[in-house]
Amino acid sequence: MSLWFTLLCAASVLAYAAIGGVFLAFSDFIMRSFNLVTGPGGIQSMQVLNVEIMRSVFMVFFIGLAAISLLIAIYAGIRLEGLSARLLMLAGAIYLVGVFGVTAAGNVPLNNQLAAMDPSAAQTLAFWKETYMTRWVNLNSLRTLASFLASGLTLTALVVR
């Protein structure tokens with residue numbers, strides 16, 4: 001394994017874990033706190049957050065890590081052999097499907113649906129309580145697990161090489 005690729009993998013271990021930490025915070029206490037706010041306050045907070053996150057450093061990591069995951073998986077499949085190669089390909093695939101894919105197919109459509117709603121409308125509160133909170137947090141918990149799994153698999157690949 002070349003030095004540049006080893007360093008890229010080491011940096012991705014940290015980035016996967018950092019992304020997973022953000023997701024963990026949302027599943028553990030941020031969304032629960034938003035849900036406990038009375039009236040439309042939690043809904044409004046999530047609507048604002050979904051706009052602001054698009055202009056954040058988080059998005060640089062989130063999107064950049066998708067490209068890096070693809071690069072790592074392809075490079076490992078072509079240039080490496082053995083357990084390290086398989087672990088790195090699996091880590092890249094888990095991030096791409098379990099984090100990026102779940103976000104694009106699950107969380108973003110829910111966010112877009114919430115963004116189009118009037119936070120003070122009764123049907124918005126019903127959607128928030130009955131649909132959004134459960135689905136969004138479940139999907140987010142899956143992203144959390146996938147992020148930490150990608151981090152652990154990449155770290156393991158670096159150790160066993």
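Going along each chain's sequence as written, the residues are numbered from 1 onward. Since the coordinates come from a predicted model, pLDDT governs what is reported: local features require at least 70, and pairs of side-chain atoms require 80 or more to be given and counted, while whole-chain, interface and lining totals use all residues. Water and hydrogen atoms were dropped before computing side-chain values, which therefore reflect all heavy atoms in the structure.

### Points about the overall build of the protein
A run of H or I in DSSP counts as a helix once it spans at least four residues, and a run of E counts as a strand once it spans at least two, with each numbered from the N terminus. In terms of helices and strands, the protein carries five helices and zero strands. Its helices and strands in sequence order give the protein the pattern α-α-α-α-α, from N to C terminus. With the C-alpha coordinates aligned to their principal axes, the bounding extent of the protein is approximately 55 × 25 × 20 Å. With a 1.4 Å probe rolled over the protein chains alone, any residue whose accessible area is under 20% of its type maximum counts as buried; one over 50% counts as exposed, and the rest are partly exposed. Residue burial in the protein is summarised as follows: out of 161 residues, 43% are buried. By definition, residues are in contact when any of their heavy atoms lie within 4.5 Å. Pairs at least 24 residues apart make up 83% of the contacts formed inside the protein by residues separated by at least 6 positions. All accessible-area figures derive from a Shrake-Rupley calculation using a 1.4 Å probe, and residue coverage is judged against the displayed protein chains alone. For the protein, the accessible surface area stands at approximately 8300 Å², while carbon and sulfur atoms represent 70% of it.

### Observations regarding the packing of aromatic side chains
Only rings of Phe, Tyr and Trp enter the pairing, Trp through its six-membered ring, and a pair is recorded when the two centres are within 6.5 Å. The plane angle decides the type: under 30 degrees is stacked, over 60 is edge-to-face, the rest tilted. All chains considered together, the criterion is met by twelve aromatic pairs. With centroids separated by 5.8 Å and ring planes inclined at 75°, the aromatic side chains of Phe 23 and Phe 58 adopt a geometry described as edge-to-face. One end of the pair, Phe 23, is in helix H1 (residues 3-36); the other, Phe 58, is in helix H3 (residues 57-79), and 35 residues separate them in sequence. The same class applies to Phe 23 as to Phe 58, namely buried. Clustering of aromatic rings is evident, with ring pairs tying together Tyr 16, Phe 23, Phe 58, Phe 62, Tyr 95 and Phe 100. Note on geometry: a ring has a charge over it if NZ (lysine) or CZ (arginine) is within 6 Å of the ring centre and within 35 degrees of the ring normal. Its end group placed over the ring of Trp 136, Arg 143 keeps NZ or CZ at 5.4 Å from the ring centre.

### Observations concerning the environment of Asn 50
Relative to the elements of secondary structure, Asn 50 occurs in helix H2 (residues 41-52). For the pair Asn 50 and Asn 112, spaced 62 residues apart in sequence, the C-alpha separation works out to 8.8 Å. Asn 50 has contacts with Asn 111 and Tyr 132, leaving out every residue within four places of it along the chain.

### With respect to the nonpolar core
What we call a nonpolar core is a set of buried Ala, Val, Leu, Ile, Met, Phe, Trp, Tyr and Cys residues that are connected through their side-chain atoms within 4.5 Å. If you look at the biggest cluster of nonpolar residues, it comprises 29 residues, and the most contacted ones within it are Phe 5, Phe 62, Leu 80, Leu 88 and Tyr 95. Setting aside anything within four residues of it in sequence, one finds Tyr 95 in contact with Tyr 16, Phe 61, Phe 62, Leu 65, Ala 66, Ser 69, Phe 100 and Ala 150. In terms of nonpolar packing, the next biggest core, distinct from the first, is built from 13 residues, Met 31, Phe 34, Ile 43 and Met 46 among them.

### Points about the packing of helix H4 (residues 82-115) against helix H5 (residues 122-160)
Axes, fitted as lines to C-alpha atoms, cover a helix only where it is in contact. Angles between the N-to-C directions of the axes lie from 0 to 180 degrees. Taken N-terminus to C-terminus, the directions of H4 and H5 make an angle of 165°; their axes are 8 Å apart at the nearest point. Looking at the two axes, H4 sits roughly antiparallel to H5. For H4 against H5, the interelement crossing comes out left-handed. Just so you know how the angles are binned, under 35 degrees is roughly parallel, over 145 roughly antiparallel, 65 to 115 roughly perpendicular, and the rest oblique. In this scheme the crossing of two helices becomes right-handed for a clockwise turn of the near helix relative to the far one and left-handed for an anticlockwise turn of less than a right angle.

### Quick look at a nonpolar patch on the surface
In this analysis, a patch consists of residues with relative accessible area above 30% that form no salt bridge, clustered at 9 Å for like charges and at 5 Å for the nonpolar side chains Val, Leu, Ile, Met, Phe, Trp and Tyr. The salt bridge definition used is simple: a Lys or Arg side-chain nitrogen within 4 Å of an Asp or Glu carboxyl oxygen. Nonpolar side chains collect at one region of the surface, where Leu 83, Leu 155, Val 159 and Val 160 lie side by side and expose about 360 Å² of accessible area between them. Here the nonpolar patch gets three residues from one element, more than from any other, and that element is H5. The exposed category is assigned to Val 159, whose relative accessible area is 64%.

### Comments concerning the packing of H1 against H5
Look at H1 against H5: their axes get within 8 Å of each other, and the N-to-C directions meet at 155°. Accordingly, the angle class assigned to the pair H1 and H5 is roughly antiparallel. Along this stretch, H1 crosses H5, giving a crossing that reads as left-handed. Residues are grouped as follows: nonpolar covers Ala, Val, Leu, Ile, Met, Phe, Trp, Tyr, Cys and Pro; charged covers Asp, Glu, Lys and Arg; every other residue, Gly included, is treated as polar. The residue inventory of the contact of H1 with H5, partitioned by class, reads 20 nonpolar, twelve polar and three charged.

### Remarks on the pattern of salt bridges
The full count for this structure, using the stated rule, is one salt bridge. Glu 52 is paired through a salt bridge with Arg 55; the nearest N and O atoms lie 2.4 Å apart. Glu 52 gets classed as partly exposed once you look at its relative accessible area, which sits at 41%. When its relative accessible area of 60% is taken as the criterion, Arg 55 is described as exposed.

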